[in-house]
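An overview of the molecular structure
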Amino acid sequence: MKVFLRHCSSLATPNLKKVNTQSIREIQILQLCKSGLLLDAIQILNSLDWTNISNKPLAYASLLQTCTKVLSFNHGLQIHAHVIKSGLETDRFVGNSLLSLYFKLCSDFVETRKVFDGLFAKDVVSWSSMISGYIRVGKPKSSLVLFGEMLDFGVEPNGFTLSAVIKACSEMGDLRLGRCFHGMVIIRGFDSNHVMSSALIDMYGRNYGWEDARQLFDELTQPDAICWTSVISALTRNDLYEEALEFFYSMQRKYGLSADGYTFGTVLTACGNLGKLKRGREVHAKVITSGLCGNIVVESSLVDMYGKCGLVHESQHVFDRMSQKNSVSWCALLGGYCQNGDFHSVFKVFREMKEVDLYCFGTIIRACAGLAAVNLGKEVHCQYFRRCGWRDVIAESALVDLYAKCGCIDFAYRIFIQMPTRNLITWNSMIYGFAQNGRGLEALGMFDEMVKDGISPDYISFIGVLFACSHTGLVDEGKKYFSLMTKDYEIKAGIEHYNCMVDLLGRAVLLEEAENMINDSDFRDDSSLWEVLLGASTTYKDSTTSERIAKKMMELRPDHHLSYVYLANVYRAVGRWNDALAIRKLMEDRGVKKTPGKSWI
């Protein structure tokens, strides 16, 4: 009996050792994968008999996940070949790991779709990955089509799926469909999910539904930092910068939540657009204490904020210290110089750039327009065409503005009519271009065409229209459009609109009507309006009106020379020489000096 047991023991021990060695090595593969040591894991795999691996799905799924983690697509392709030979493509876990590899590392999304179509078992994870993948490659409509197919196959969406399709609605600007998905979120019980709430707030904010975004946020019981960031971003996108800052301070002081890089980036955008330098510096200090100085989003926003607040040297200082720079950083620096009128520095920075982003061209072209440098603009136009092709509404709107400002209005119009999509800026550039180049009737025709095209005019649109009426002498049309602006579109008239109207009425010798318009406006104490009216009155040698307007100007700006000079010229024109000399004497007594004339020639 002892001999038999000893014999059995001697036979079983080698097999047991072999089994133990195989199992240990399989465990080692999993441990190496967890540590991200892909090459070591593959080396052990090659030393094993892969046909006898006890848990092939786990081993190959781990290897595929590690390939994705260490960004090694070539090794992932080799593992994919092993998966096919092993017949593991039918395993759901392996299939999803394989799809994740292609989704994150394959540059050709068509290949990713082939992998998806070849999966035997597609669960909600597989479908959700593909839906978000289409959004990532800029095809939100295709993601919604795929979502419909998923429902047809009877697969129930999870929170990740719904947040992806909500983002697709956001990208497409389809607010109505977004509201439908909001209803689906509530019906399926995901309304308490913070990720979902953030996606919905972002969707409403991007599509001018900030009131819905605010209401949704207010209904949350305990919003997290991501929800706070989403609502701050929604308010900033809708130009509600003060409200965005209030939410930011409330988030930190009242609720004690920490801001991340995206929160700080949004808040700095709000500070920049408000021109609140002091608040911007306070946020900058918070960025430093939060340890986010190396964050590229935050630092790019700091460059933008300082530029918009007029401190371009601070923008340059922040930019120079950045360890990483992307196209957004360069665009922010270019935008700062352009906004502050330092167009030569724009070109200096432009020449330092190794790669020019599509969005940078809009800023560079605006700098050309600011310098009225048509030849330089043509060079940049050629570079834009060569590097980016066409079909960018921002750059092409800037080109329309450039050529219009340089007097090449017909060339500007040629670009305009070739554009497949036009936004409000494009139309405004064309309207103002026609107005500036003395083609007022065409400017008005362009305005009417814009309205027929379904684009609502804004504050700037009416400046161009009223300017066109003023320089073409279209008094009745000017009055009609001024009334249209204030009554139909409910746009409050600004100083620019009143300047155009006073100039229009003054040129038509309707001085009393122009004077009444100034007195009835909120800008009755603005000297620029009275200056326009004084210029009109001196042209028609109306001494009584000129005297009254000039005295009003002297009250508002006693140190401004034009009112004295204009009035003295009027007195001379009507033969009141003593009064002209008295005005000159008053000018000398007050120490007012005439600014010498200048010419571009």
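Residues numbered from 1 in each chain as written. Predicted model: local features only at pLDDT ≥ 70, side-chain atom pairs only at ≥ 80, totals over all residues. Heavy atoms only, no water.

1. Examining the overall build of the chain
Filter applied, for reference: A run of H or I in DSSP counts as a helix once it spans at least four residues, and a run of E counts as a strand once it spans at least two, with each numbered from the N terminus. We compute the radius of gyration from the C-alpha atoms alone; for a globule the expected value is 2.2 Å times N to the 0.38, where N is the number of residues. A 1.4 Å probe rolled over the protein chains alone gives each residue an accessible area, and that area as a share of the maximum for its type sets the label: buried under 20%, exposed over 50%, partly exposed in between. Two residues form a contact once any of their heavy atoms are found within 4.5 Å. Here the Shrake-Rupley method, with its probe set to 1.4 Å, supplies the accessible areas, and only the displayed protein chains count as covering residues. Under the counting rule used here, the positive set is Lys and Arg, the negative set is Asp and Glu, and His together with the chain ends is not counted. To locate a charge, the coordinates of NZ of Lys, CZ of Arg, CG of Asp or CD of Glu are taken.
For the chain, the helix and strand inventory stands at 34 helices and zero strands. Rg of the C-alpha trace for the chain: 34 Å, well past the compact-globule value of 25 Å for 601 residues, more than 25% over. Across its three principal directions, the C-alpha atoms of the chain cover 145 × 50 × 50 Å. By the burial criterion, 47% of the 601 residues in the chain qualify as buried. Within the chain, counting contacts between residues at least 6 apart in sequence, those at least 24 apart form 58% of the total. Within the structure as shown, the chain displays about 31100 Å² of accessible surface, and the carbon and sulfur contribution to it stands at 53%. Measuring between centres, the 66 positive side-chain charges of the chain sit 7 Å from its 66 negative side-chain charges.

2. Remarks on the packing of aromatic side chains
Short version of the rule: Stacked, tilted and edge-to-face are the three classes applied to pairs of Phe, Tyr and Trp rings, where Trp contributes its six-membered ring and a pair requires centres within 6.5 Å; stacked means planes under 30 degrees apart, edge-to-face means over 60, and tilted covers the rest. By the criterion adopted, a ring carries a charge over it if an Arg CZ or a Lys NZ lies within 6 Å of its centre and within 35 degrees of its normal.
Within this structure, the stated rule accounts for 24 aromatic pairs. Aromatic pair F116 and W127: ring centres 5.1 Å apart, planes at 80°, arrangement edge-to-face. Here F116 is found in helix α6 (residues 109-118), whereas its partner W127 is found in helix α7 (residues 124-136), with 11 residues between them in sequence. Overall, F116 belongs to the buried group, its relative accessible area being 1%. Residue W127 is classed as buried on the basis of its relative accessible area of 4%. A centroid spacing of 4.7 Å and a plane angle of 80° characterise the contact between Y403 and F411, whose relative ring orientation is edge-to-face. Residue class for F411 comes out partly exposed when judged on its relative accessible area of 30%. Members of the aromatic cluster, joined through ring pairs, are F217, W228, F247 and Y255. It is K480 that lies over the ring of Y481; its NZ or CZ is 4.6 Å from the centre.

3. Some words on the side chain of T161
Quick reminder of the rule: Pairs of N or O atoms are called polar contacts if they sit within 3.5 Å, as long as, within protein, a hydrogen donor faces a hydrogen acceptor (for residues adjacent in sequence, only side-chain-to-side-chain pairs).
Relative to the helices and strands, T161 is located in helix α9 (residues 159-172). Separated by 2.6 Å, the side chains of T161 and N158 make a polar contact. Aside from chain neighbours lying at most four places away, what touches T161 is V124, S128, I131, F147 and M150.

4. Overview of the UniProt feature "repeat: PPR" (unreviewed entry) in the chain
Inclusion rule: UniProt positions are given in the numbering used here, feature names are shortened, and annotations may be inferred rather than shown by experiment.
In the numbering adopted here, UniProt assigns the feature "repeat: PPR" (unreviewed entry) to residues 123-157, 224-254, 326-360 and 423-457. For residues 224-254, the end-to-end C-alpha separation is 13 Å, with 84% helix and 0% strand making up the annotated structure. A distance of 12 Å separates the end C-alpha atoms of residues 326-360, which is 74% helix and 0% strand.

5. As for the nonpolar core
Filter applied, for reference: Throughout, nonpolar core names a set of buried Ala, Val, Leu, Ile, Met, Phe, Trp, Tyr and Cys residues whose side chains join them through atoms within 4.5 Å.
Counting 182 residues, the largest nonpolar core has L63, L162, F181 and I364 as the members making the most contacts within it. In this structure, L162 is in contact with F147, P157, F181, M184, V185, R188, F190 and M196, ignoring residues within four places of it in sequence.

6. Considerations on unusual backbone geometry
Phi angles above zero are rare outside glycine, and E490 is one such case at about 55°. Inspection of the secondary structure puts E490 in the loop between α28 (475-488) and α29 (495-507). Phi is positive for V509, close to 60°, though the residue is something other than glycine. Mapped onto the secondary structure, V509 falls in the loop between α29 and α30 (511-520).

7. Side note on the pattern of salt bridges
The line we're drawing: Each reported salt bridge corresponds to a side-chain nitrogen of Lys or Arg within 4 Å of a carboxyl oxygen of Asp or Glu.
One pass over the full model with this rule turns up 19 salt bridges. A salt bridge links D212 to R179; the nearest nitrogen and oxygen atoms lie 3.0 Å apart. Taken together, the positions of D212 in helix α12 (residues 210-218) and R179 in helix α10 (residues 175-187) put the pair 33 residues apart, joining distant regions of the chain. Residue classification places D212 among the partly exposed residues on the basis of a relative accessible area of 24%. The structure contains a network of salt bridges with shared partners spanning E242, K276 and R279.

8. Describing the packing of helix α17 (residues 296-308) against helix α19 (residues 327-339)
This is how it is decided: Here an angle of 0 to 180 degrees is reported between the N-to-C directions of two axes, which are lines fitted to C-alpha atoms, with helices fitted over the stretch in contact. Convention used here: angles under 35 degrees read as roughly parallel, angles over 145 as roughly antiparallel, angles from 65 to 115 as roughly perpendicular, and any remaining angle as oblique. For this classification, Asp, Glu, Lys and Arg are treated as charged, while Ala, Val, Leu, Ile, Met, Phe, Trp, Tyr, Cys and Pro are nonpolar and the rest, including Gly, are polar.
As a packed pair, α17 and α19 sit with axes 8 Å apart at the nearest point and diverge in direction by 5°. With respect to each other, α17 and α19 are oriented roughly parallel. Along its contact with α17, which presents I296, S300, V303, D304, G307 and K308, the element α19 presents V328, S329, A332, L333, G336 and Q339. Taken together, the residues that form the contact of α17 with α19 break down as five nonpolar, five polar and two charged.

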